[in-house]
Amino acid sequence: MIAFKEIVERFAELESGELSRWVENRWIVPEADGGQENERWVFHEVDVARVELILDIRREFALDDETMSLVLGLLDQVYSLRRQMRRLCHALESQSPEIRDAIRKALPPAGENGG
Amino acid sequence: MATQTPYEVLGVNKDASADEIRKAYRKLAKQFHPDLNPGKPEAEARFKSISTAYDLLSDPEKRGRYDRGEIDESGAERPRYSYRPHAEGAQGWKYRPEGEFDPADLDDLFEMFGRGGQGGGARRGGQAGSRDFQMPGADRHFTLTIDFVTAATGGKQRLALSEDEWLDVTIPPGIDDRQVLRLKGKGGPGFGGGPPGDALIEVHVAPHPWFRREGDDIHMELPVSLAEAVLGARVPVATVTGPVTMTIPKGSDTGTQLRLRGKGIRRKRRGAETAGDQYVTLKVVIGASGDPELANFLEEWAKQHPTDPRRGIGGGTTEGAAAA
């Protein structure tokens, strides 16, 4: 559990107004807590890592809010796919060697089907 | 947690200039210097933190690293949060895009992987071992120079892939200079049963002595004699598909442009054949300027037909130019 203030203190280039805007944009999704104003939110490590990611991207590429939304949307899709891919891989790993072999044979070579 | 940032210690804004930081430091250093505050340990502690803060903020590199969260206020390295492990972990789930499919629904999963799946990509999981590892072969890159006419009409061109490996490359009609052709499966061999890579061939089109391309049209300049231009003629003209006969209308001149319909680049677009045109621009070549008969004739003719081809180019009249 990390407080709003701790995040702003950690990153000198981050203004508290920015962080609350990011929360309103739903770029960062903290948990609601009982406090007032900015202290009504509490954050997890994934949120801090995401703040750091947004700051990195913004610094490197000088993106405006609209483009940042697009970039984050695409990143979230990639990570979503990777999560699903991982689930599928785990499921495949737990199969018997015969089944895994059959699946491997059924896979078209990379590059076919426009892949 | 309640540690002050170096900016707070010096009482400056986050965007303070180097000058402002130096001034703030000097002022505070004087105020809290241990020599000026003997017997006051709190002043000494304050002085230390002021020095540490100044040390960090006066060095642009350290200040930048601090601002980016790479080091803390004492200058010590901070562990960096890498987003990926979080995003792929359980916590990352909350940032899933809206409409992410329900992973319990296998139909969705198979549909998704059936459509643009990366096939036998690299495996994870250790126990499977390297015999399971499949990778497509590397792409190989080549360049191939072809002549202008082959580029226009299409054809076959032989390409050496290695010392003893040849490939007849089919050139589609109308290929552009520096266009890249991809030949599936002609790259490096695949790994562990993976498919071979592709050959990527960058085609260079050599310039032609008289043809020039503009899109699907061919342009050329055609020399004609004075008599052909004045009296008209039928003359042979080269096209990319062979010579044709063209009529030069009576009273043509240098710069007259004639069109040979359909003699440009022919190609199939979505089943329908399209063709560009060839544009021929005439260039009158007298070729017999030293001929006394022509000179005699022109002497009389010019007296009765004064013309000034330079009118409007701003050089003045012919007489005026001669006088200058």
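Note that this is a predicted model, so its numbers are computed, not measured.

### Regarding the packing of aromatic side chains
Okay, step 1: This model, assessed by the stated rule, comprises 8 aromatic pairs over all chains.
Okay, step 2: Judged by centre distance (5.9 Å) and plane angle (40°), the rings of Trp22 of chain A and Trp27 of chain A are tilted.
Okay, step 3: Exposure remark for Trp22 of chain A: the relative accessible area of 1% places this residue in the buried category.
Okay, step 4: Take Trp27 of chain A: its relative accessible area is 5%, and that puts it in the buried class.
Okay, step 5: An angle of 70° between the planes, with centres 6.2 Å apart, marks the rings of Trp210 of chain B and Phe211 of chain B as edge-to-face.
Okay, step 6: A relative accessible area of 6% means that Phe211 of chain B is categorised as buried.
Okay, step 7: Of the aromatic side chains, those joined through ring pairs into one cluster are Phe4, Trp41 and Phe43 of chain A.
Okay, step 8: Note that Arg40 of chain A overlies the ring of Trp41 of chain A, its terminal NZ or CZ placed 4.3 Å from the centroid.

### Re the environment of Leu19 of chain A
Okay, step 1: Checked against the element boundaries, Leu19 of chain A lands in helix α2 (residues 16-24).
Okay, step 2: Separated by 12 residues in sequence, Leu19 of chain A and Ile7 of chain A have C-alpha atoms that sit 8.7 Å apart.

### Describing the pairing of strand β9 (residues 244-248) of chain B
Okay, step 1: Sheet topology note: the strand β8 (residues 233-237) of chain B/β9 of chain B ladder contains 5 bridges and is antiparallel. Following the sheet pairing, Val235 of chain B is matched in β9 of chain B by Met246 of chain B.

### Structural notes on the nonpolar core
Okay, step 1: Core analysis: the biggest nonpolar cluster contains 28 residues, and Ile7, Leu19, Trp22, Ile28, Phe43 and Val51 of chain A have the highest contact counts within it.
Okay, step 2: Counting only elements with at least two residues in this core, the list comes to α1 (4-10), α2, β3 (41-43), α3 (45-61) and α4 (65-93) of chain A together with α5 (83-88) of chain B.
Okay, step 3: In this view, Leu19 of chain A contacts Phe4, Ile7, Val8, Leu14, Phe43 and Val51 of chain A; residues no more than four positions away in its chain are not counted.
Okay, step 4: Residues Val12, Ala24, Leu28 and Ala53 of chain B belong to the second largest nonpolar core, which totals 20 residues.

### Some words on the side chain of Arg63 of chain B
Residue and element names in this part refer to chain B.
Okay, step 1: Among the secondary structure elements, Arg63 is positioned in helix α4 (residues 60-67).
Okay, step 2: Buried Arg63, no salt bridge; nearest opposite-charge side chain is Asp67, N-O distance 4.2 Å.
Okay, step 3: Once residues lying within four places of it in the same chain are set aside, the contact partners of Arg63 are Tyr7, Lys14, Asp15, Ala16, Ile21, Leu56 and Leu57.

### Describing the pattern of salt bridges
Okay, step 1: Scanning the entire structure with this criterion turns up 26 salt bridges over all chains.
Okay, step 2: Where Arg59 of chain A meets Glu13 of chain A, a salt bridge forms, and the shortest distance between an N and an O atom there is 2.8 Å. Here Arg59 of chain A is found in helix α3, whereas its partner Glu13 of chain A is found in the loop between α1 and α2, with 46 residues between them in sequence.
Okay, step 3: When its relative accessible area of 21% is taken as the criterion, Glu13 of chain A is described as partly exposed.
Okay, step 4: The residue Arg59 of chain A makes a salt bridge to Asp56 of chain A at a minimum N-O spacing of 3.2 Å. With Arg59 of chain A and Asp56 of chain A both in helix α3 and 3 residues apart, this pair spans about one turn of that helix.
Okay, step 5: Arg59 of chain A sits in the partly exposed class, given a relative accessible area of 30%.
Okay, step 6: The structure contains a network of salt bridges with shared partners spanning Arg65, Arg68, Glu70 and Glu77 of chain B.

What counts, and at which threshold
Residues numbered from 1 in each chain as written. Chains lettered and ligands numbered in written order. Predicted model: local features only at pLDDT ≥ 70, side-chain atom pairs only at ≥ 80, totals over all residues. Heavy atoms only, no water. Phe/Tyr/Trp six-rings, centres within 6.5 Å; stacked < 30°, edge-to-face > 60°. Buried < 20%, exposed > 50% of the residue type's maximum accessible area, 1.4 Å probe, protein only. Lys NZ or Arg CZ within 6 Å of the ring centre and 35° of its normal. Helix = DSSP H or I, 4+ residues; strand = E, 2+ residues; numbered from the N terminus. Pairing = 2+ DSSP bridges. Core = buried A, V, L, I, M, F, W, Y, C linked by side-chain atoms within 4.5 Å. Contact = heavy atoms within 4.5 Å. Lys, Arg positive; Asp, Glu negative; His and termini not counted. Salt bridge = Lys/Arg side-chain N within 4 Å of Asp/Glu carboxyl O.

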